[in-house]
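Coordinate analysis (summary)
So the chains spell out like this:
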Amino acid sequence: MPSSDRRRFLQQAASAGIALGSSSLLSASVFAESAPSGSRLSAQTPPNTGDVVRVYVDSRRVIAPLDRNLFGSFLEHLGRAIYEGIYEPGSKLADANGFRKDVLTEIRQMGVPIIRYPGGNFVSGYNWLDGVGPKESRPRVLDKAWDSINTNQFGTNEFMAWCKAVGTEPLMGLNLGTGTPEEAAALVEYCNTDQGTKWSDLRRKHGFTEPYKVKQWCLGNEMDGPWQIGHMTATEYGMKAQDAARQMRYVDPSLQLIACGSSGPFMPTYLEWDREVLEQCYDYVDGLSLHRYFTNAPADTGGDSSKFLAMNLSMEQQIAETLAVCDLVRGHKRSPKQLWLSFDEWNVWYRARDGEAVHGHHQEAPHLLEEVYNLEDALLVGGLVNSLLRSANRVKVACLAQLINVIAPISTNANGLLRQSIYYPYNWALQYARGSVLNLLVESPTYEVAKLGHVPYIDVAGTLNPQDGKVGLFVLNRDLTKAHVVEINWQDKAPGQVLTSSVLTGSDLKAFNTFDAPQKVTPQTFAKPSTNAGRTKFEVPARSYTVIQWSA
């Protein structure tokens, strides 16, 4: 469809569609009855009318081992994510490969485990052959998804080299819009076959002798969306994904393949798309993708921050609904295989999503989707981290969308980088969520949120690393005006000393960081709580997200 029509659909979805996503939510109490055990905080939250929030921790009760890929990210050829983001030859900050050294160092220190590339909407019109081979021979191409010029100076081999430099794994996206299953299999052969075939020998001719052995692949992007290049029906896509999966596995049987699920609850085909797709390709894939962007726009929350900070619970409902469809198809097929989910686009995004923010004007690296994040955005991201942790039994991959400049925790300019507010809860997850996810019992007072029901003021998730005994707890206080006392009851054994104790809070929910004032929203030291007689008690401030890590 014309790019103007695609942008119009996105604008309509931002106002009308996202409201539909909220209106479809069940109340917290109803959902709690149907949710899998340990999957959701409110499913574990008995009523509490007292002033003390009680959290019961038992190291013998876990939801699932934590797959580190739950805290992946995403880079698309969109705006300044690649060019001026991770790759900027000629910059004083670039290395010999053109990689931004400041960004490279930051991502390596963060330890981002997996990064999805090259799209996103971009991938549905992308010919991977345009981005390999001698750079002087690569074509300048109009990216119709974002109306931008792609110079193709950064492509598959540059991305693989960058991944190696930062210590991350690639999650490769495939063009199943204008692309064919044969072209998808050719890219697998180019990346993963050692030598002796057409495409592996082409990689070696390009100067890369060792195969990349990429394991995880996304079969297209948001193919249910009328804005998507190559948009098709669910049955058409399911058959195409099945064909692509078969051809790819002929090249490399070890692949893990992710089918393209619904773009979100705002879609009129939500869940029915997923069912029809999986009826065609269930036997050929390992996972199904989900996408979701959360907003505090009038159409979604009425600008009510207390409702906005409860929206991570709708992420958990989306996960539960999608899993129900996966398991329905599994039952129809009497399959022994259980699919997992890849929540490979999630974030807050609602300001920079229309007008000039999505129109590239045929420019190279235009400033697109450069959302500025404030304190309340960071608090919800913390809640979304908690939701992903509680869903770790079936969500094995998730990608914060995106990583640099484009709806991202990190922004760059010519002189350096800026950590936006959402950087901090995401980085805390990377640093302190290790081992297995604890199945916590939380007793918290609640408040009423329209269309969500009774929402706990205190949202807690935690992990225990069996290798070193470290425990990490992540505590969101949704209360906008009141601090809450939290009492941790250690059921089997008390922890050791507090290793880390930090809080993200402030008096202004709308405060945000800039290059001129980068410290407006940053973590503060949180007084290390003591443990006595198997109990740890501390007070979390209003409007806050807190991380505490204990030794064994």
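Everything in this summary refers to the structure shown in the same document. (Residues numbered from 1 in each chain as written. Predicted model: local features only at pLDDT ≥ 70, side-chain atom pairs only at ≥ 80, totals over all residues. Heavy atoms only, no water.)

**Side note on the overall build of the protein chain**
- Secondary structure summary: the protein chain contains 13 helices and 27 strands in total.
- If you line up the protein chain on its principal axes, its C-alpha atoms span 70 × 60 × 45 Å.
- Within the protein chain, the proportion of its 552 residues that are buried is 62%.
- The contacts of the protein chain with a sequence gap of at least 6 include a subset with a gap of at least 24, amounting to 77%. (Helix = DSSP H or I, 4+ residues; strand = E, 2+ residues; numbered from the N terminus. Buried < 20%, exposed > 50% of the residue type's maximum accessible area, 1.4 Å probe, protein only. Contact = heavy atoms within 4.5 Å.)

**Examining the side chain of Asp274**
- Relative to the assigned elements, Asp274 resides in helix 8 (residues 272-281).
- No salt bridge is formed by the buried Asp274, whose closest oppositely charged neighbour, Arg275, lies at an N-O distance of 9.3 Å.
- Excluding residues within four positions of it along the chain, Asp274 makes contact with Gly261, Ser262, Leu288, Thr322 and Val325. (Lys, Arg positive; Asp, Glu negative; His and termini not counted. Salt bridge = Lys/Arg side-chain N within 4 Å of Asp/Glu carboxyl O.)

**Quick word on the packing of helix 11 (residues 312-333) against helix 12 (residues 375-390)**
- Relative orientation of the contacting elements helix 11 and helix 12 amounts to 30°, with a least axis distance of 8 Å. Relative to helix 12, helix 11 is oriented roughly parallel. Considering the relative orientation of helix 11 and helix 12, their crossing is right-handed. Contacts from Asn312, Leu313, Met315 and Glu316 in helix 11 reach Leu380, Gly383, Leu384, Ser387, Leu388 and Arg390 in helix 12.
- Along the lines of polarity and charge, the residues of the contact of helix 11 with helix 12 split into five nonpolar, three polar and two charged. (Axes fitted to C-alpha atoms, helices over the stretch in contact; angles between N-to-C directions. Parallel < 35°, antiparallel > 145°, perpendicular 65-115°, else oblique. Left-handed = near helix turned anticlockwise from the far one by under 90°. Nonpolar A, V, L, I, M, F, W, Y, C, P; charged D, E, K, R; others polar.)

**Digging into the packing of aromatic side chains**
- Counted by the stated rule, this structure contains 19 aromatic pairs.
- Among the aromatic side chains, those forming a connected cluster through ring pairs are Tyr83, Tyr87, Phe99, Tyr117, Phe154, Phe159 and Trp162.
- The ring of Phe74 carries the charged tip of Arg116 above its face, separated from the ring centre by 4.5 Å.
- Positioned above the aromatic ring of Trp349, the side-chain terminus of Arg353 is 4.4 Å from the ring centre. (Phe/Tyr/Trp six-rings, centres within 6.5 Å; stacked < 30°, edge-to-face > 60°. Lys NZ or Arg CZ within 6 Å of the ring centre and 35° of its normal.)

**Considerations on the layout of surface pockets**
- Its boundaries defined by the atoms lining it, the largest pocket holds a volume of some 270 Å³.
- Lining of the largest pocket is provided by 22 residues; of these, Tyr126, Asn127, Trp128, Asn175 and Glu183 occupy positions nearest its centre.
- Where the lining of the largest pocket is concerned, the elements lending two or more residues are strand 7 (169-173) and helix 5 (181-192).
- By residue number, the principal contributor to the lining of the largest pocket is helix 5, which donates five residues.
- Here the lining of the largest pocket is composed, by residue class, of twelve nonpolar, eight polar and two charged. (1 Å grid on protein atoms, 1.4 Å probe; cavity = no way out; pocket = protein on both sides within 12 Å on 5 of 7 lines; lining within 4 Å. Points joined across faces, edges and corners; volume = space filled by probe spheres on them.)

**A few points about the pattern of salt bridges**
- Per the counting criterion, the structure on display carries 26 salt bridges.
- As a salt-bridge pair, Arg140 and Glu364 come within 2.4 Å of each other at their nearest N and O atoms. Placement of Arg140 in the loop between strand 4 (114-117) and strand 5 (141-143) and of Glu364 in strand 12 (residues 363-364) is noted, with a sequence separation of 224 residues between them.
- Given a relative accessible area of 55%, Arg140 falls into the exposed group.

**Digging into the environment of Gly230**
- Mapped onto the fold, Gly230 is located in the loop between strand 8 (216-219) and helix 7 (234-251).
- In this structure Gly230 comes out as partly exposed when scored by relative accessible area, which is 29%.
- Sequence-wise, Gly230 and Trp162 are 68 residues apart; in three dimensions their C-alpha atoms are separated by 29 Å.
- In this structure, Gly230 is in contact with Gly177 and Met223, ignoring residues within four places of it in sequence.

**Brief notes about unusual backbone geometry**
- Residue Pro118 follows Tyr117 across a cis peptide bond; omega there is 5°.
- Positionally, Pro118 belongs in the loop between strand 4 and strand 5.
- A cis amide bond links Gly119 with the next residue in sequence, Gly120, at an omega value of 10°.
- Positionally, Gly120 belongs in the loop between strand 4 and strand 5.
- Residue Asn152 is not a glycine yet carries a positive backbone phi of 60°.
- Tracing the backbone shows Asn152 in the loop between strand 6 (148-150) and helix 4 (156-166).
- In this model, Asn405 sits at a positive phi of 70°, which is unusual for a non-glycine residue.

**A word on the sheet that holds strand 22 (residues 484-490)**
- With mixed pairing, the five strands of this open sheet are ordered in space as 17-1-22-26-25. Each edge of the open sheet is held by one strand with a lone partner, namely strand 17 (441-443) and strand 25 (531-532).
- Taken together, the three bridges between strand 1 (residues 52-57) and strand 17 define a ladder with antiparallel strand orientation. Across the sheet, Tyr56 pairs through a bridge with Leu441, a residue of strand 17. (Pairing = 2+ DSSP bridges.)

**Digging into the sheet that holds strand 6**
- Taking strand neighbours across the sheet as the criterion, the three strands line up as 5-6-12 in an open arrangement whose pairing is mixed. Pairing within the sheet leaves two strands with one partner each, and these edge strands are strand 5 and strand 12.
- Pairing geometry for strand 5 and strand 6, over three bridges, is antiparallel. In the strand pairing of strand 6, Val141 is matched with Asn150.

**Quick look at the pairing of strand 23 (residues 498-504)**
- Of all seven residues in strand 23, six are buried; the element is thus mostly enclosed.
- Relative to strand 24 (residues 524-525), strand 23 runs antiparallel, the two sharing two bridges. Looking across to strand 24, one finds that Val503 is bridged to Gln524.

**Quick look at the nonpolar core**
- The biggest cluster of nonpolar side chains holds 142 residues, and the ones touching the most others in it are Trp162, Trp217, Tyr237 and Met248.
- The greatest single-element share of this core, amounting to nine residues, is contributed by helix 12.
- In contact with Tyr237, other than residues within four places in its own chain, are Leu176, Leu219, Met223, Met232, Ala259, Cys260, Trp273 and Val277.
- Among the nonpolar cores identified, the runner-up in size contains 22 residues, and Leu440, Leu464, Leu473 and Ile488 belong to it. (Core = buried A, V, L, I, M, F, W, Y, C linked by side-chain atoms within 4.5 Å.)

**Considerations on helix 5**
- With twelve residues, helix 5 ought to run about 16 Å at 1.5 Å a step, and its terminal C-alpha atoms sit 16 Å apart, in line with that.
- Pro181, Ala184, Ala185, Ala186, Leu187, Val188, Glu189, Tyr190, Cys191 and Asn192 are the residues of helix 5 that are buried.
- Of the surrounding secondary structure, the elements contacted by the buried residues of helix 5 are helix 4, strand 7, helix 6 (198-205), strand 8 and helix 7. (Expected span 1.5 Å × (residues − 1).)

**Quick notes on helix 13 (residues 423-432)**
- Across the ten residues of helix 13, nine count as buried, placing the element largely inside the fold.
- For helix 13, the set of buried residues is Tyr423, Tyr424, Pro425, Tyr426, Asn427, Trp428, Ala429, Leu430 and Tyr432.

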